[in-house]
Amino acid sequence: MKTSFSAKYGPWALITGASRGLGAEFARQCAERGLNTILVATNADLLNARADSIKKDYGVAVKTIVLDLSREDILQQITPVTDSLEIGLLVNNAGMSRVRPFLDHDLDQLVKQLHVNSRAGLILAHHFGGKMVGRRRGGIIFLSSGSAMYGTAYCANYSATKAYNLIIAESLWYELGRYGVDVLGFMPGSTKTPGWDAGKPKPGRFVKVMDVKPAVAEALKALGKRPSLIAGKSNRLGYFFLGKMVSRARAIRIVSGTMDKMFGPFDDVE
Ligand SMILES: NC(=O)c1ccc[n+]([C@@H]2O[C@H](COP(=O)([O-])OP(=O)(O)OC[C@H]3O[C@@H](n4cnc5c(N)ncnc54)[C@H](OP(=O)(O)O)[C@@H]3O)[C@@H](O)[C@H]2O)c1
């Protein structure tokens, strides 16, 4: 029997960045809700391992697409797999992040980050969103971040790509929502994933690190109910405090100082 989730967002979900971390958990929880899944990322071995475990655990169909989402021709790489399938849910999750001073980043990597974090989601939302509107149902999730809320030093470009994702999601929430397509901008806070661990963070006592399971469950629950969501009560409270109690300049200093403490020290200006 179809669950209401799979009736609304099935029969196929396409999840980018599904080889590990939040994307792998999105894929697992979509399968748990009865959706067949298409997993996209660059690491073929990890993708195949994810596909095998999802098939074994949930008995749904799984396809993989090994693809670098910074490529110019991503749609031409994806559509041969998807053209004969009904994609009811798109999760634009793939993301690159690295925390270090802006000028220490290689410019090519920053442009690649812009392509993976934002351009890919734009292209996929335009393609699959059009088909969803035609069917008058479906869902699209854009992975944003708490760092979308305020300019954040040491991850300026990342923070800007996540602000893009938040605003496009909220805009489409209204625009596509009128045609039965649910759109959500999802802002995880610090979440324990391989990408998070790779930065060797020192979270300190004010940063609560979430597990992927509750974070993804919150996103899937919020889809169709609101334009955007910050994951986790303490994160919501923290951003509420910043928004209401301090000036924007002070908030930027606070979040930037937190990055410096967690991933730095970078702040060595005399
Ligand atoms: N974890 C957090 O604390 C946190 C907080 C806020 C927002 N987020 C957002 O949540 C999303 C997932 O984060 P995560 O922590 O799970 O990251 P992660 O552990 O680093 O995983 C990133 C995923 O994106 C894929 N990816 C990276 N570059 C790619 C490319 N060029 N082409 C295709 N796929 C690519 C990776 O797969 P391959 O390496 O196999 O390509 C991997 O599956 C990201 O958008 C991130 O910005 C995370």
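Above this text sits the structure in question.
Residues numbered from 1 in each chain as written. Predicted model: local features only at pLDDT ≥ 70, side-chain atom pairs only at ≥ 80, totals over all residues. Heavy atoms only, no water.

Peer 1: Give me the packing of helix α2 (residues 21-32) against helix α8 (residues 212-222): which residues, what numbers.
Peer 2: Where α2 contacts α8, the two axes come as close as 9 Å, and the packing angle between them is 60 degrees. In this view, α2 runs oblique relative to α8, as classed from their interaxial angle. For α2 against α8, the interelement crossing comes out right-handed. Contact residues: α2 offers G21, L22, E25, F26, R28 and Q29, while α8 offers V212, K213, A215, V216, A217, A219 and L220. Split into classes, the residues belonging to the contact of α2 with α8 amount to eight nonpolar, two polar and three charged. (Axes fitted to C-alpha atoms, helices over the stretch in contact; angles between N-to-C directions. Helix = DSSP H or I, 4+ residues; strand = E, 2+ residues; numbered from the N terminus. Parallel < 35°, antiparallel > 145°, perpendicular 65-115°, else oblique. Left-handed = near helix turned anticlockwise from the far one by under 90°. Contact = heavy atoms within 4.5 Å. Nonpolar A, V, L, I, M, F, W, Y, C, P; charged D, E, K, R; others polar.)

Peer 1: Tell me about the site of the ligand, residues and numbers included.
Peer 2: In the region of the ligand, 30 residues are neighbours, and S19, T42, N93, Y158 and T193 sit closest. Contacts to the ligand include N43, whose backbone N or O atom sits 2.9 Å from an oxygen atom. Here D68 contributes a side-chain N or O atom positioned 2.9 Å from a nitrogen atom of the ligand. Listing elements by their share of the shell around the ligand, those giving two or more residues are α2, α6 (156-175) and α7 (194-198). Per element, the largest residue contribution to the shell around the ligand is three residues, and it comes from α7. The residue inventory of the shell around the ligand, partitioned by class, reads 13 nonpolar, 14 polar and three charged. (Near = heavy atom within 4 Å. Polar contact = N/O pair within 3.5 Å; in protein donor to acceptor, adjacent residues only side chain to side chain.)

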